[in-house]
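Here's the letter readout for the chains.
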Amino acid sequence: MKLKTQDGYGTPLSDIKRSTESWKTKYGWRAQEEGLNRLPHFMSKIPVNGYGDRDIDIHFLFQKTSSPHSTPLLFVHGWSGSFLGGGGG
């Protein structure tokens, strides 16, 4: 499907304007922020060989399970991804 724009490329300006207005006026940013802030967030530095004298800063969530036989899960993503993509909800 080819989008009809002035130069034939990109998203039509009318779609961008409609989406922007929805994000500004209808999307529940504060509700999303409150939900994120209820999660157990942590930060740490990890040394990586070949990364110079710097460590890599990581952000992660930690939730201990009540099941003694569970397998730990490490969910990793890159920029500009998010751990929320694995939420399934």
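This text goes with the structure placed above it.
As the structure is a prediction and not an experimental result, all values here were calculated from the model.

**Observations regarding the environment of D55**
When you line up the elements, D55 lands in strand β2 (residues 55–61). Taking the C-alpha atoms as reference points, D55 and K45, separated by 10 residues in sequence, lie 5.7 Å from one another. Ignoring anything within four residues of it in the chain, the contact list for D55 reads K45, I46 and P47.

**What to know about the pattern of salt bridges**
Under the defined criterion, the tally for this structure stands at 3 salt bridges. The salt bridge partner of E33 is R30, with a shortest N-O separation of 2.5 Å. Residue E33 and its partner R30 are both found in helix α2 (residues 29–37); the two are separated by 3 residues, about one turn of the helix. The class of E33 is partly exposed, set by a relative accessible area of 35%.

**Some thoughts on the packing of aromatic side chains**
As enumerated under the stated definition, the model contains 4 aromatic pairs in all. Their ring planes at 35 degrees and their centres at 4.7 Å tell us that W23 and Y27 sit as a pair that is tilted. Seen in terms of ring centroids, W23 and W29 are 5.1 Å apart; in terms of plane orientation they differ by 40 degrees. Their pairing is tilted. Residue classification places W29 among the partly exposed residues on the basis of a relative accessible area of 48%. These aromatic residues form a ring-pair network of at least three members: W23, Y27 and W29.

**Digging into a nonpolar patch on the surface**
On the surface, I46, V48, Y51 and I56 cluster together into a nonpolar patch covering about 280 Å² of accessible area. Here I46 shows up in strand β1 (residues 41–47).

Rules used throughout
Residues take numbers from 1 onward in each chain, read along the sequence in its written order. Only residues with pLDDT of at least 70 get local features here, since the model is predicted, and only at 80 or more are side-chain atom pairs given and counted; chain-wide, interface and lining totals rely on the full set of residues. No hydrogens and no water enter the side-chain calculation; it runs on all heavy atoms of the structure. The way it works is that DSSP assigns letters per residue, a run of H or I at least four long becomes a helix, a run of E at least two long becomes a strand, and they are numbered from the N terminus. Whether two residues are in contact is decided by their heavy atoms: any pair within 4.5 Å suffices. Any carboxyl oxygen of Asp or Glu within 4 Å of a side-chain nitrogen of Lys or Arg constitutes a salt bridge here. The cut-offs for exposure are 20% and 50% of the maximum accessible area for each residue type, with area from a 1.4 Å probe on protein chains only; residues under the lower value are buried, those over the upper are exposed, and the others partly exposed. Geometry of aromatic contacts follows a simple scheme: Phe, Tyr and Trp rings, the Trp one being its six-membered ring, pair when their centres are within 6.5 Å, and the pair is stacked under 30 degrees between planes, edge-to-face over 60, tilted otherwise. The residues that make up patches have over 30% relative accessible area and no salt bridge, and they are joined within 9 Å when like-charged or within 5 Å when they are Val, Leu, Ile, Met, Phe, Trp or Tyr. Computed with a 1.4 Å probe, the accessible areas rest on the Shrake-Rupley method; for each residue, only the protein chains presented here act as cover.

Just distances and angles here, no functional claims.
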